[in-house]
Amino acid sequence: MTTSYVSSLLLALCFLHMHSMYAQPMLSYTDPQGDLYVSDSGRLVHLEHMPIRSIQYAANSIAYLDNDGELNYYARHKQQLLDVTNPSFYSNTDYYLYYANGGSFSVYDGKERRYLGYIQNHPYAFGDSLAAIHDSSGYFYGYEQGMLIELEQQPVLRVTAGDNTLAYINHICQFRVYLHGEQMDVDSYAPIAFQAAANTVVYIDNYNYLKVLWNGEITELTHFAQINCLSTIIND
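Parameters at a glance
Residues numbered from 1 in each chain as written. Predicted model: local features only at pLDDT ≥ 70, side-chain atom pairs only at ≥ 80, totals over all residues. Heavy atoms only, no water. Helix = DSSP H or I, 4+ residues; strand = E, 2+ residues; numbered from the N terminus. Buried < 20%, exposed > 50% of the residue type's maximum accessible area, 1.4 Å probe, protein only. Contact = heavy atoms within 4.5 Å. Areas by Shrake-Rupley, 256 points an atom, 1.4 Å probe, with all protein chains shown as cover. Phe/Tyr/Trp six-rings, centres within 6.5 Å; stacked < 30°, edge-to-face > 60°. Pairing = 2+ DSSP bridges. Axes fitted to C-alpha atoms, helices over the stretch in contact; angles between N-to-C directions. Polar contact = N/O pair within 3.5 Å; in protein donor to acceptor, adjacent residues only side chain to side chain. pLDDT = per-residue confidence, 0-100. Salt bridge = Lys/Arg side-chain N within 4 Å of Asp/Glu carboxyl O. Lys, Arg positive; Asp, Glu negative; His and termini not counted.

### Re the overall build of the protein
Now for step 1: Per the secondary structure count, the protein includes one helix and 23 strands.
Now for step 2: Going through the 236 residues of the protein one by one, you find that 49% of them count as buried.
Now for step 3: A sequence separation of at least 24 residues applies to 39% of the contacts in the protein between residues at least 6 apart.
Now for step 4: Accessible surface, the protein: about 12200 Å² in total, of which carbon and sulfur atoms supply 48%.

Pasting the structure below:
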């Protein structure tokens, strides 16, 4: 893929990201002995007396794997052990903590845990406040505000998630977007490349036009006369 092609797509996405405001993450501190502390409303709270394996920050919470590989969550002045050991991955966002054990994908909202679906055989994605997964029958769902929303009855080919936006290619190569509770048909043909952000999807369509979908409106930015690597899709 040409450098100008990649740069144009990412520059458009980064420009639109500048319109979003992000809260400062909760901070932690590890002393020379390996003890973990968190800064909570101006005071240091001692969480661990052994070195931890990893940690992730969000605006009002932290999630970490302790020395034994147990997944911990700290928010609202409270430490919670989630009874999850050595997850395949975990990702802490301002709204949800996502994690997986093998092919089982789940979410925690600070109060309740919920199993969402499988990640072994089909694409999945998650953003700050929503996720996209398949069930055991291959149905494709979005998860938002504690609800599962059926989007497709067949497995999708690709999906990406922004803070509050899903963009995906369905089983017949239609390009669709889920935003603000609505599913939109963007194009009858799969784009060459696409990425989602907050209220935004940036993509290069089948005719090499760079476009931005922002709050439901599509704007054409430029046209690429030639693209050397059509098989690569930026989706990470």
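Structure's up, so let's keep going.
### Let's talk about the packing of aromatic side chains
Now for step 1: Taken as a whole and judged by the stated rule, the model has 16 aromatic pairs.
Now for step 2: Each ring, one from Phe105 and one from Tyr124, has its centre 5.6 Å from the other, and the planes form 50°; the classification is tilted. A residue pair is termed long-range when its members are at least 10 positions apart, and Phe105 in strand β10 (residues 104-108) and Tyr124 in the loop between β11 (113-118) and β12 (125-126) qualify at 19 residues.
Now for step 3: On the numbers, 6.5 Å between centres and 20° between planes, the contact of Tyr124 with Phe126 is stacked.
Now for step 4: For Phe126, a relative accessible area of 23% gives the class partly exposed.
Now for step 5: An aromatic cluster of at least three residues, connected via ring pairs, comprises Phe89, Tyr96, Tyr98, Phe105, Tyr124, Phe126 and Tyr143.

### Thoughts on the sheet that holds strand β5 (residues 61-65)
Now for step 1: Within the open sheet, the four strands sit side by side as β4-β5-β6-β7. Their pairing is antiparallel. With partners counted over all chains shown, the strands left at the sheet margins are β4 (54-57) and β7 (78-85), one partner each. Put simply, the sheet's adjacent strands are angled 20° from each other on average, direction ignored.
Now for step 2: Sheet analysis places strand β6 (residues 70-75) next to β7, joined by five bridges and oriented antiparallel. Counterpart to Ala75 in the pairing with β7 is Lys78.

### A look at the side chain of Gln195
Now for step 1: Along the chain, Gln195 falls in strand β20 (residues 193-197).
Now for step 2: Since its relative accessible area comes to 9%, Gln195 is described here as buried.
Now for step 3: Polar contacts involving the side chain of Gln195 include one to the side chain of Thr160, which spans 2.5 Å.

### Here we look at the sheet that holds strand β16 (residues 158-161)
Now for step 1: Read from one edge of the open sheet, four strands run β16-β17-β18-β19, paired in antiparallel fashion. Here the strands that pair on one side only, and so sit at the sheet edges, are β16 and β19 (182-187). The sheet shows a mean angle of 20° between the axes of neighbouring strands, taken without regard to direction.
Now for step 2: Bridging between β16 and strand β17 (residues 165-169) involves four bridges; their strand directions are antiparallel. Residue pairing for β17: Val159 is matched across the bridge by Tyr168.

### As for the confidence of the model for the protein
Now for step 1: Of the residues in the protein, 85% reach a pLDDT of 70 or more, and the chain-wide mean stands at 87.
Now for step 2: pLDDT under 50 marks residues 1-8. Its contacts with residues more than four places away, or in other chains, come to 15 contacts.
Now for step 3: For residues 227-236, every residue scores under 50 in pLDDT, and the model assigns this stretch 26 contacts once sequence neighbours within four places are set aside.

### Looking at the pattern of salt bridges
Now for step 1: If you walk through the whole model with that rule in mind, you get three salt bridges.
Now for step 2: A salt bridge links Arg176 to Asp185; the shortest N-O distance between them is 2.6 Å.
Now for step 3: Given a relative accessible area of 16%, Arg176 falls into the buried group.
Now for step 4: Linking Lys211 and Asp205 is a salt bridge whose minimum nitrogen-to-oxygen distance equals 3.0 Å.

### What about unusual backbone geometry?
Leaving glycine out, the prevailing phi sign among residues is negative, and the prevailing peptide bond configuration is trans.
Now for step 1: Within the chain, Arg76 stands out as a residue other than glycine whose phi angle is a positive 55°.
Now for step 2: Structurally, Arg76 is set in the loop between β6 and β7.

### What to know about the side chain of Glu70
Now for step 1: As for its placement among the helices and strands, Glu70 is situated in strand β6.
Now for step 2: In this structure Glu70 is buried but unpaired, with Arg113 as the nearest side chain of opposite charge at 8.4 Å.
Now for step 3: Of the polar contacts made by the side chain of Glu70, one reaches the side chain of Thr85; its length is 2.6 Å.
Now for step 4: Here Glu70 is in contact with Tyr64, Leu65, Leu81, Asp83, Val84 and Thr85, once residues within four sequence places are set aside.

### Considering the environment of Gln174
Now for step 1: By secondary structure assignment, the location of Gln174 is in the loop between β17 and β18 (175-179).
Now for step 2: A sequence separation of 13 residues divides Gln174 from Asp187, and the C-alpha atoms of the two residues are 6.1 Å apart.
Now for step 3: What Gln174 contacts, discounting residues up to four positions off in sequence, is Tyr168, Ile169, Asp187 and Ser188.

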